[in-house]
Amino acid sequence: MIYQVSLAAAALTIVLALRWRQASHRDDDVASVPGPESESFLAGNMQTLVAAPSDGAALGWSKLYGGVVKLHGVLGVRRHALLVSDPAALRRIFGSSSGQWDLSSRDLASFREKFGPGVAAVEGADHVRQRRVISQALGPSEVRGMISSVQTVSRNMRTALRKACFEQSSTGTTKMNMLDWARRCALDSLTMFAFGTTINAIDDPVKGHDILHAFDLMLEDCLGKTDSLRLFLRETASAGILPSLAGIALVDSNFFRSALKTFKRAAQFSTWVRATREEHGSLNNGNDLLTALERANQSDSAKYKLSDEEIVAQINMVLFAGHDTVSTTLAMLLNDLSRNTEVQDRLRAEINAKQAEIGGDDATFTQEDYDSMLYLNAVLKESMRMNPVLGQIARSNRADDVLPLSEPIQTPDGRTLSEIAVSKGTWVVIDVASSNRRKDVWGEDAETFNPDRWLKTGEQSVPLTKTAGVVYGSLMNFMAGNRTCPGWRIAVLELQAFICDIVQGFRVLPIPGSTVVREFHGVSIPKVAEKPVKGGEVPLILEVIS
């Protein structure tokens, strides 16, 4: 009872302190945009937005209201937000210059608190400087120099999977949690190309367990508990009314402990990486991100110099973002292949044909070989389209702006808007999932898994870019504009290599009665709908190909 009264008192105090914000907020056209009614006095529509599995709420709202949807925000933090999937509005947001649309100041502060002053948490000249260093370290030629490291990890995974299949079944056919295997493989690959060392999670999953699951479990602990009061306190905390961890402690002491433990693990891992490098050097002859960061640390040029604190922050962020996005994408792609056997057979035939073309089983693929396999890349893009790891991207405008619309919208008061005036500080949620399923962009079968759409030519072809700043396949999975993931090239290479090795070595089959869905916890976490487990799971049947 005392705990509940304390929470209520804290909530009331914050509401009273924040009322002036709402009273002075100017919405311009935002208040007139159609959208769902508020579902909660404290949380508006935000609880439903973050709680719905598989981006379900956002997809439903976009189908019902169109490419721009007004949502009611958390009391005292923001009155309204816009859920955006309209192509013209997205071009404006991601194509604007001088940081007109960027992460909000509170989002930047949240990243700094969790990971340190790395590229994801800074803006302006600091962001340009850090991004310049990381982008050069992960450029096209640099990624080509990392291919042997990625392929070594991929072959290790194939060998370990084959061994595990026969250990569990004399026929080589057995059930595997492919999300777990994908995480182990992605972590080994990341530590090699990013840090020039290896944690060897493929062969020793216990050793890598803490890092593999720490961030996912932390996100799930936090965002999986989305009642209105928890969401309200967390949002007001991250808005700067309370220190973030203090606000979280009010909401859930278990998560508070989990968050501290996670950040401690990340710090320990950063220390281990640098100590291992000092003792053994780079295992791949300096073709790694950390070598480039250390060079920048020693640079005499202010344009390239990074501090020790900034290097540690990059390690933390790469560790979190790098392995999670690749592993989830790989696991969901394997799930798609298991349910589309004709696609899987066709892909295997293309890979085997390319293998024979370059010299047989002993030959290794080059970057050009991977890129020349059109169906491989079509399958990869189509699975990413259907299963974005980051279903939503938050942005806020630094000055008043006008968002153009590709399709006019009708307001509840009878007006027709072909553009939306938005005042400074408007919070926008980029709806990646709905953008990836728009029928006016992807065709009438936009809800269907169909890799052939990427192979069409002429008027039926997929547009090269529907959003300014997009770097890969008309998709925002790697974000867009000045916040595009600088590691997108190495991520694509990893996925190409992993897919080729798995599809060549195994038939991937679904488990009857098992449906894999994506739960949204800041990032998507795949789970079995019929029996979800904490941390996620993609159970599939693997059959070794002789």
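Residues numbered from 1 in each chain as written. Predicted model: local features only at pLDDT ≥ 70, side-chain atom pairs only at ≥ 80, totals over all residues. Heavy atoms only, no water.

Visitor: When you look at the sheet that holds strand β5 (residues 392–397) in this model, what are you seeing that I'm missing?
Guide: Pairing between sheet strands relies on hydrogen bonds along the backbone, with the strands arranged either parallel or antiparallel. One open sheet accounts for 5 strands, arranged β1-β2-β8-β5-β3; its pairing is mixed. Here the strands that pair on one side only, and so sit at the sheet edges, are β1 (68–72) and β3 (101–102). In this sheet, β5 lies alongside β3 in antiparallel orientation, the contact comprising 2 bridges. Bridge pairing in β5 places aspartate 102 opposite serine 396. Set on the sheet, helix α4 (residues 87–95) makes contact with β2 (80–84), β3, β5 and β8 (427–431); between it and β8 the angle comes to about 115°. (Pairing = 2+ DSSP bridges. Helix = DSSP H or I, 4+ residues; strand = E, 2+ residues; numbered from the N terminus. Contact = heavy atoms within 4.5 Å. Axes fitted to C-alpha atoms, helices over the stretch in contact; angles between N-to-C directions.)

Visitor: How do you make sense of the confidence of the model for the protein when you look at a structure like this?
Guide: Reading predicted coordinates in detail is not appropriate for stretches of low pLDDT. Here the protein averages 82 in pLDDT, while 78% of its residues score no lower than 70. Mean pLDDT across the elements of the protein bottoms out in helix α12 (residues 244–251) (48) and peaks in strand β9 (residues 506–509) (98). Between residues 243–251, whose pLDDT stays under 50, and residues either more than four places distant or in other chains, the model counts 23 contacts. (pLDDT = per-residue confidence, 0-100.)

Visitor: Would you explain the side chain of arginine 131 in this entry?
Guide: The topology assignment puts arginine 131 in helix α6 (residues 124–137). Despite its burial, arginine 131 pairs with no opposite charge; the closest candidate is aspartate 102, at 9.7 Å N-O. Arginine 131 has contacts with Val119, Asn482, Arg483, Thr484 and Pro486, leaving out every residue within four places of it along the chain. (Buried < 20%, exposed > 50% of the residue type's maximum accessible area, 1.4 Å probe, protein only. Lys, Arg positive; Asp, Glu negative; His and termini not counted. Salt bridge = Lys/Arg side-chain N within 4 Å of Asp/Glu carboxyl O.)

Visitor: Help me understand the packing of aromatic side chains in this model?
Guide: When we look at a pair of aromatic rings, we describe it by the centre distance and by the angle of the planes. This model, assessed by the stated rule, comprises 5 aromatic pairs. A ring pair is formed by tyrosine 472 and phenylalanine 478, whose centres lie 6.0 Å apart and whose planes are at 75°; its orientation type is edge-to-face. Look at phenylalanine 478 and you get buried, because its relative accessible area is 10%. Between tyrosine 472 and tryptophan 488, the aromatic rings sit 6.3 Å apart at their centres with planes inclined by 45°, giving tilted as the arrangement. Here tyrosine 472, found in the loop between α20 (439–442) and α21 (488–505), pairs with tryptophan 488, found in helix α21; they are 16 residues apart in sequence, far enough to count as distant. Both residues of the pair, tyrosine 472 and tryptophan 488, count as buried. Counting every residue linked through ring pairs, the aromatic cluster contains Tyr472, Phe478 and Trp488. (Phe/Tyr/Trp six-rings, centres within 6.5 Å; stacked < 30°, edge-to-face > 60°.)

Visitor: Please clarify how the nonpolar core should be interpreted in this entry.
Guide: In a soluble, globular protein the nonpolar side chains are often hidden away together inside. Core analysis: the biggest nonpolar cluster contains 89 residues, and Met178, Trp181, Leu347, Tyr370 and Ile499 have the highest contact counts within it. When residues in this core are grouped by element, the largest group, 12 residues, is from α21. By size, the runner-up hydrophobic cluster in this structure holds 23 residues, among which are Leu82, Phe94, Leu403 and Val470. (Core = buried A, V, L, I, M, F, W, Y, C linked by side-chain atoms within 4.5 Å.)

Visitor: Sorry if this is basic, but what is going on with the packing of helix α16 (residues 341–357) against α21 here?
Guide: Axis angle and axis distance: for two packed helices, these are the angle between their axes and the distance between the axes, and together they describe the pair. As a packed pair, α16 and α21 sit with axes 9 Å apart at the nearest point and diverge in direction by 105°. As far as their axial angle goes, α21 and α16 are roughly perpendicular. Two secondary-structure elements touch here, α16 through Gln344, Leu347, Arg348, Ile351, Asn352 and Gln355 and α21 through Ile499, Cys500, Val503 and Gln504. Of the residues in the contact of α16 with α21, the class split is 5 nonpolar, 4 polar and 1 charged. (Parallel < 35°, antiparallel > 145°, perpendicular 65-115°, else oblique. Nonpolar A, V, L, I, M, F, W, Y, C, P; charged D, E, K, R; others polar.)

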